[in-house]
Structures are given as structure tokens and as C-alpha cells.
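# A structural walkthrough
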Amino acid sequence: MPNQISKDSSKSALLIIDMQVGLFDAPQPPYQRERLLSNINQLIAAARLAQAPILEAMHTGPQHSAIPAGSPLWQPVPGLDLDLQQDQLFNKTRPSCFEGTSLAQQLAEQAIDRLIICGMKTQFCIDTTCRSASERGLAVVLAADAHSCPDGELLSAGQIIQHHNQTLAGAFADVQPAASIRFGTPSQPLQCGERA
């Protein structure tokens, strides 16, 4: 794929990362988790209006981890507006949504060249997936206010999020607030929260 992709000709997909009960309801929950969930649901609604694919990466730990596959803690966050009949859920075991998964093949089969990324955790799976997608020639949009994490040992969650928004901007992603992210084509430029 070419490195420079025209925004006007790109086909977008929404990639939601690790929005799972065991991470969302953890003893150290993600920063501003209600705003996180609300902003992701706005992105889901906008993607649906534009008929853009919605993919949910489910982090799967080994059997004795905090989120083993199929366990109650592994499940998607109940308030997430996923349609399990049509949205595409897939397992991952690494920080990159591409490593050891069929994500790259799925995107290629659907001619998707623009990936809108949101979810958890900022400094791990969000950061790694943004960089991996960019290296594969995809246009990456990071929803600046729709990814999160708990506080770290050295930095607060707010500082981690701000740092990654600044670090990833330009070189690896187009970083925008969720409300300004557009789905669809030039003839149907739908924004987050916009009605058709």
C-alpha cells in the first residue's frame, strides 16, 4: 500500500481495542472511563451511519491470567454499543492488534486503508497498534479523547494520554477529538454524533 493515502479516497474502519470488563472495571480503572465509553459509542454510531466496518480487538490472556478467553472479565464492556451479529470481534495476545492476528488480511480484503483507533490502554496496545498500522501504510486516526489507561507509577493517566497524543501525532497518526473524526466518503462526510 502507498504511504500517502488521500483522505478523500480512503475507506475507513473503526478499531476498538481492549474495551473489556476486566480492564474497564479493574481495581485501577481507566482515567475518565465514562467519558471514554461515551466517546467510543459516539464513534460507533458515526461508523454505523457511514456503514464503516467496526472491529473490536479482545485481549486474551493465558488461562490463569486476569482475562482468560471466554471468562466474564474477558467479555466486552456491557455499555459498549457493539452489535455482536455484525461487528467483527477478534482475539489478540500481544500489544499490537496485527501481531498473530488476521487483522491485516481482514483490512486488505475489505479494501480498508484508513483505521480509526480508540480504546485501551494508551501506553501499550493503543501506542503499539498506531505504530504498527502506520508501518503497514495505513492512514491512522487516533481519537484523542477516546483512549485511556489507569495512572502509572511515574505519570498520571492524564499525562500519559497527553504524552501519547503528542508523540503519535504527525509521524504515526492524525490525532483528533472523537467529535471531529469523519467517516464515509466526500459525498457523505458523516461526523461523530451527526445524524444522516
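Conventions and cut-offs
- Residues numbered from 1 in each chain as written.
- Predicted model: local features only at pLDDT ≥ 70, side-chain atom pairs only at ≥ 80, totals over all residues.
- Heavy atoms only, no water.
- 1 Å grid on protein atoms, 1.4 Å probe; cavity = no way out; pocket = protein on both sides within 12 Å on 5 of 7 lines; lining within 4 Å.
- Points joined across faces, edges and corners; volume = space filled by probe spheres on them.
- Helix = DSSP H or I, 4+ residues; strand = E, 2+ residues; numbered from the N terminus.
- Nonpolar A, V, L, I, M, F, W, Y, C, P; charged D, E, K, R; others polar.
- Core = buried A, V, L, I, M, F, W, Y, C linked by side-chain atoms within 4.5 Å.
- Buried < 20%, exposed > 50% of the residue type's maximum accessible area, 1.4 Å probe, protein only.
- Phe/Tyr/Trp six-rings, centres within 6.5 Å; stacked < 30°, edge-to-face > 60°.
- Lys NZ or Arg CZ within 6 Å of the ring centre and 35° of its normal.
- Pairing = 2+ DSSP bridges.
- Axes fitted to C-alpha atoms, helices over the stretch in contact; angles between N-to-C directions.
- Contact = heavy atoms within 4.5 Å.
- Salt bridge = Lys/Arg side-chain N within 4 Å of Asp/Glu carboxyl O.
- Polar contact = N/O pair within 3.5 Å; in protein donor to acceptor, adjacent residues only side chain to side chain.
- Expected span 1.5 Å × (residues − 1).

Another point: empty space enclosed by the protein. Applying the stated criterion to the full structure yields one cavity of 30 Å³ or more. Of the pockets and cavities examined, the largest cavity occupies roughly 40 Å³. Considering the residues around the largest cavity, the lining is formed by Tyr31, Gln32, Arg35, Leu36, Asp145, Ala146, His147, Ser148 and Ile161. Counting only elements with at least two residues in the lining of the largest cavity, the list comes to α2 (33-49) and β5 (139-148). If one sorts the elements of the lining of the largest cavity by residue count, β5 sits on top with four residues. Here the lining of the largest cavity is composed, by residue class, of four nonpolar, three polar and two charged.

A separate point is the nonpolar core. Note on soluble globular proteins: their nonpolar side chains tend to be buried together. Judged by nonpolar contacts, the single largest core of 28 residues is most densely connected at Leu14, Ile16, Met19, Ile40, Leu43, Leu80 and Phe183. Where this core is concerned, the elements lending two or more residues are β1 (12-17), α1 (21-24), α2, β4 (114-120) and β5. Formed by 22 residues, the second largest nonpolar core is a distinct cluster that contains Phe98, Leu103, Ile112 and Ala133.

Using the criterion set out here, one finds zero aromatic pairs in the structure. The aromatic ring of Phe172 is capped on one face by Arg131, whose charged end is 4.5 Å from the ring centroid.

On to the sheet that holds strand β3 (residues 88-92), then. Pairing is parallel across the open sheet formed by six strands, whose spatial order is β3-β2-β1-β4-β5-β6. In this open sheet, the two strands that pair with only one neighbour each are β3 and β6 (174-176). Strand-to-strand, the axes of this sheet are offset by a mean angle of 25 degrees, without reference to chain direction. Note that β4 and β5 share six bridges and pair parallel. When the sheet's bridge partners are listed, Leu115 is paired in β5 with Val140. Along the sheet, helix α4 (residues 122-135) makes contact with β1, β3, β4 and β5, crossing β4 at roughly 170 degrees. Lying over the sheet, helix α5 (residues 157-168) contacts β5 and β6, oriented at roughly 170 degrees with respect to β5.

Glancing now at the pattern of salt bridges. Applying the stated criterion across every chain, the model contains five salt bridges. Residue Asp25 is joined to Arg33 by a salt bridge in which the shortest nitrogen-to-oxygen separation is 2.6 Å. The partner of Glu34 in a salt bridge is Arg33, with the nearest N and O atoms 3.6 Å apart. Residue classification places Arg33 among the partly exposed residues on the basis of a relative accessible area of 26%.

A few words now on the side chain of Asp87. Counting through the fold element by element, Asp87 comes out in the loop between β2 (54-59) and β3. Among the polar contacts listed, one links the side chain of Asp87 to the side chain of Arg48, at a separation of 2.9 Å.

With respect to the helices and strands, the residue Ile16 is situated in strand β1. Relative accessible area serves as the criterion here: at 0%, Ile16 is assigned to the buried category. Not counting residues within four places of it along the chain, the set of residues in contact with Ile16 comprises Ile40, Ile44, Ile54, Leu55, Glu56, Ala57, Leu80, Leu82 and Cys118.

Omega for the peptide link from Met120 to Lys121 comes to -25 degrees, which places this bond in the cis form. You can see Lys121 is positioned in the loop between β4 and α4. At Asp18, a residue that is not glycine, the phi angle is positive and equals roughly 55 degrees. With respect to the helices and strands, Asp18 occurs in the loop between β1 and α1. Residues other than glycine seldom take positive phi values, yet Gln51 does so here, at roughly 55 degrees. On the secondary structure map, Gln51 appears in the loop between α2 and β2.

Taking 1.5 Å as the rise per residue, α2 with 17 residues should run 24 Å; its terminal C-alpha atoms sit 24 Å apart, in good agreement. Of all the residues in α2, the buried ones are Leu36, Leu37, Asn39, Ile40, Asn41, Leu43, Ile44, Ala46 and Ala47. Backbone geometry just after α2 places Gln51 at a positive phi near 55 degrees.

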